[in-house]
Amino acid sequence: MTILKRRSLLKAAGLAVGAVATSGLSAFTSNPEKPDQKTKKLALSVAHITDVHIGEGENAPERFKKCLKHIITKHKPDFFLNGGDSIGDASYDNVVYDQVIKQWGIWDDCIKTLDKYEVHSCIGNHDSWWKAPSKEHEMYGKNYVVKRLKIPNRYYSFSKKNWHFIVLDGNNSNISLDQEQYEWLEKELEKLPASTPTLLMSHYPILGTTQVLVGGGHSDCKKLKDLFHKHRDKVRVCLSGHNHLSDNTHYNDVLYCCNGAMSGFWWGKGDAESAGPGYYLETPPGYAMLSLYEDGTVENEYFPHTF
């Protein structure tokens, strides 16, 4: 999303985001804690980074690398989930070939920091170059992003331990899943064994507070909510980014986590509405750590960074 569009939406709504503590945000769990959960076993520790918007300005590459090294040292995650908008921007009308190549080159250099880790990414709205010379050009649209992010498809799934992961592509009409993808998702959830804990990641929020404040949410949220309720024994958590704001919404036993941006205010100092240096509104730049347990419960904790 552009800064201008989000500001205008916010002012039109006449609302402000709830404050975020700079020391970190409390973990949220998908189910209320019960006494017997104190002995639950951790299956996976997963780092969620999103909206990196990497470019050569603001010393962003070195700051990003330092934060990645910090995550590895402090949290020792099993793998990384990247929520999209990996590069600064390829989607604007005035972006040319050299700019796209340079941004992806910087991304490649930064992501070498994670050469010992799996990184499962989704496509953000700023990642695709739509002003390529033609639709047949190798760098046009999503297929090139799939190649640069080294992912199997614009939407896909994989499994780790007893958890299943589904990565979605909401970059379609009115921020939604196209029919082909929705039918695939239906089948994907249907074929999973009963009670398989499942995490879904989309660039855009599916449900939550942030899209009420600044827009940018899935227009097919009710359709997806109904599908998730049908498979309520499986769907545990939906991850997103896009809005650069931190929000955890618990609805129908699904935890919807919109985590703040690695880049915060696009690696800049902020503006008059920033609650602190580098903040977008009240959310500082940061990343999230997810604790996924064998019993299907999940905790999402957002960690502000000052790199």
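Scroll up to find the structure.
All of the points below concern the structure found in this document.

How each quantity is defined
- Residues numbered from 1 in each chain as written.
- Predicted model: local features only at pLDDT ≥ 70, side-chain atom pairs only at ≥ 80, totals over all residues.
- Heavy atoms only, no water.
- Helix = DSSP H or I, 4+ residues; strand = E, 2+ residues; numbered from the N terminus.
- Buried < 20%, exposed > 50% of the residue type's maximum accessible area, 1.4 Å probe, protein only.
- Contact = heavy atoms within 4.5 Å.
- Areas by Shrake-Rupley, 256 points an atom, 1.4 Å probe, with all protein chains shown as cover.
- Expected span 1.5 Å × (residues − 1).
- Arc of directions from axis to C-beta.
- Core = buried A, V, L, I, M, F, W, Y, C linked by side-chain atoms within 4.5 Å.
- Pairing = 2+ DSSP bridges.
- Phe/Tyr/Trp six-rings, centres within 6.5 Å; stacked < 30°, edge-to-face > 60°.
- Lys NZ or Arg CZ within 6 Å of the ring centre and 35° of its normal.
- Axes fitted to C-alpha atoms, helices over the stretch in contact; angles between N-to-C directions.
- Parallel < 35°, antiparallel > 145°, perpendicular 65-115°, else oblique.
- Left-handed = near helix turned anticlockwise from the far one by under 90°.
- Nonpolar A, V, L, I, M, F, W, Y, C, P; charged D, E, K, R; others polar.

### Considering the overall build of the chain
Link 1 in the chain: Assigned secondary structure in the chain consists of seven helices and 12 strands.
Link 2 in the chain: For the chain, the proportion of its 307 residues judged to be buried stands at 58%.
Link 3 in the chain: A fraction of 71% describes how many contacts in the chain between residues 6 or more apart in sequence connect residues 24 or more apart.
Link 4 in the chain: Accessible surface for the chain amounts to roughly 13,500 Å². Of this, 51% is attributable to carbon and sulfur atoms.

### Brief notes about helix H5 (residues 179–191)
Residues lying three or four places apart along an α-helix face the same way, a consequence of the helix completing one turn every 3.6 residues.
Link 1 in the chain: The terminal C-alpha atoms of H5 lie 18 Å apart, and with 13 residues this matches the ideal 18 Å at 1.5 Å per residue to within 8%.
Link 2 in the chain: Looking at H5, one finds that the buried residues are Gln181, Tyr182, Leu185, Glu188 and Leu189. For H5, the buried positions fall inside an angular range of 120° around the axis, keeping them on one side. Structural note: H5 exposes Glu180, Lys187 and Lys191 on the side pointing more than 90 degrees away from its buried face.
Link 3 in the chain: Residues of H5 that are buried in the fold lie against strand S5 (156–160), strand S6 (163–167), strand S7 (198–201), helix H7 (221–230) and strand S8 (235–240).

### Some points on the nonpolar core
Link 1 in the chain: With 55 residues, the main nonpolar core has Ile54, Phe64 and Leu199 as its most contacted residues.
Link 2 in the chain: With near-sequence residues (within four places) excluded, isoleucine 54 lies in contact with Ala60, Pro61, Phe64, Ser86, Ile87, Gly88, Gln103, Ile106, Trp107, Cys110 and Trp267.
Link 3 in the chain: Judged by nonpolar contacts, the second largest core, of 16 residues, contains Tyr182, Leu189, Leu227 and Val235.

### Topic: the pairing of strand S10 (residues 254–258)
Link 1 in the chain: Burial analysis of S10 places five of its five residues in the buried class, which makes it a mostly covered element.
Link 2 in the chain: By the alternation rule, side chains of S10 split into Val254, Tyr256 and Cys258 and Leu255 and Cys257, which are all buried.
Link 3 in the chain: Of the pairings in the sheet, the one linking S8 to S10 comprises four bridges and is parallel in character. Across the sheet, cysteine 238 pairs through a bridge with tyrosine 256, a residue of S10.
Link 4 in the chain: Direction of pairing for strand S9 (residues 247–251) relative to S10: antiparallel, over a ladder of five bridges. Across the sheet, histidine 250 pairs through a bridge with leucine 255, a residue of S10.

### A word on the packing of aromatic side chains
Link 1 in the chain: Under the counting rule described, the total for this entry stands at 12 aromatic pairs.
Link 2 in the chain: Between phenylalanine 79 and phenylalanine 165, the ring centres sit 5.4 Å apart and the planes meet at 85°, which makes this aromatic pair edge-to-face. Of this pair, phenylalanine 79 sits in strand S3 (residues 79–82) while phenylalanine 165 sits in strand S6, and the two are 86 residues apart along the sequence. Each member of the pair, phenylalanine 79 together with phenylalanine 165, is buried.
Link 3 in the chain: Ring centres of phenylalanine 80 and tyrosine 117 lie 5.6 Å apart, and the angle between their planes is 85°; this geometry places the pair in the edge-to-face category. Of this pair, phenylalanine 80 sits in strand S3 while tyrosine 117 is found in the loop between helix H3 (97–111) and strand S4 (119–121), placing the two residues 37 residues apart along the sequence.
Link 4 in the chain: Judged by its relative accessible area of 0%, phenylalanine 80 is buried.
Link 5 in the chain: Sitting over the face of the ring of tyrosine 293, lysine 40 holds its NZ or CZ atom 4.2 Å from the ring centroid.
Link 6 in the chain: It is lysine 223 that lies over the ring of tyrosine 182; its NZ or CZ is 4.0 Å from the centre.

### Overview of the packing of H3 against helix H4 (residues 141–149)
Link 1 in the chain: Two elements in contact, H3 and H4, have axes whose closest approach is 11 Å; the angle formed by their N-to-C orientations is 25°. Considering their axes alone, H3 and H4 lie roughly parallel with respect to each other. Where H3 crosses over H4, the handedness of that crossing is right-handed. Across from Val100, Ile101, Trp104, Gly105, Trp107 and Asp108 in H3, the residues of H4 making contact are Tyr144, Val145, Arg148 and Leu149.
Link 2 in the chain: Residue classes in the contact of H3 with H4 are distributed as seven nonpolar, one polar and two charged.

### Overview of the environment of histidine 218
Link 1 in the chain: Of note, histidine 218 is situated in the loop between helix H6 (210–214) and H7.
Link 2 in the chain: Put simply, histidine 218 and glycine 170 are 48 residues apart on the chain and 7.3 Å apart in space, counted from C-alpha to C-alpha.

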